[in-house]
Amino acid sequence: MPQRGRPKKRDRRIDAAIDHFAAMGYAERDVTTVVAELLEAYEGPEAWPFLEDGSYYVVQEALIEKQEQEEKQLLLEHKQEEEQEQQQPVRSSGSLALE
């Protein structure tokens, strides 16, 4: 059943942030995670004006940093996989008869 009436004030702020960043292609989960981390780092809900300032500039920077860290992690994992593949001995599928 859909929610009736006006959403609670705390919900409107996160929803506005999600809407703002969804237009830029960010996933709701990422926005929610970053906002929660920033609110915790800046002492709770009183930090909302700071996060909203400058069209969520602080949130945008944190999202970009998170994205860069994820990309670095993927590159590192890919590099490690390639190194493991290179270290494995090459085996032939057929057998050769030696005379």
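To be clear, the structure that these remarks concern was listed above.
Residues numbered from 1 in each chain as written. Predicted model: local features only at pLDDT ≥ 70, side-chain atom pairs only at ≥ 80, totals over all residues. Heavy atoms only, no water.

**Brief notes about the packing of aromatic side chains**
Centre-to-centre distance and the angle between the planes together describe a pair of aromatic rings.
Moving on, step 1. Counted according to the given criterion, the structure contains 3 aromatic pairs.
Moving on, step 2. Where phenylalanine 21 meets tyrosine 26, the ring centres are 5.9 Å apart and the plane angle is 80°; that geometry is what we call edge-to-face. Residues phenylalanine 21 and tyrosine 26 agree in their burial class; the two are buried.
Moving on, step 3. Each ring, one from phenylalanine 21 and one from tyrosine 56, has its centre 5.8 Å from the other, and the planes form 65°; the classification is edge-to-face. Placement of phenylalanine 21 in helix α1 (residues 9–22) and of tyrosine 56 in helix α3 (residues 48–87) is noted, with a sequence separation of 35 residues between them. Exposure class is identical for phenylalanine 21 and tyrosine 56. Each is buried.
Moving on, step 4. Ring pairs connect the aromatic residues Phe21, Tyr26 and Tyr56, which therefore count as one cluster. (Phe/Tyr/Trp six-rings, centres within 6.5 Å; stacked < 30°, edge-to-face > 60°. Buried < 20%, exposed > 50% of the residue type's maximum accessible area, 1.4 Å probe, protein only. Helix = DSSP H or I, 4+ residues; strand = E, 2+ residues; numbered from the N terminus.)

**So, unusual backbone geometry**
Moving on, step 1. The residue glutamate 43 is not glycine, and still its phi comes out positive at about 75°.
Moving on, step 2. Of note, glutamate 43 is situated in the loop between α2 (28–41) and α3.
Moving on, step 3. We classify glutamate 43 as exposed; its relative accessible area is 66%.
Moving on, step 4. Positive phi is not limited to glycine here, since serine 55 has a value of about 55°.
Moving on, step 5. With respect to the helices and strands, the residue serine 55 is situated in helix α3.

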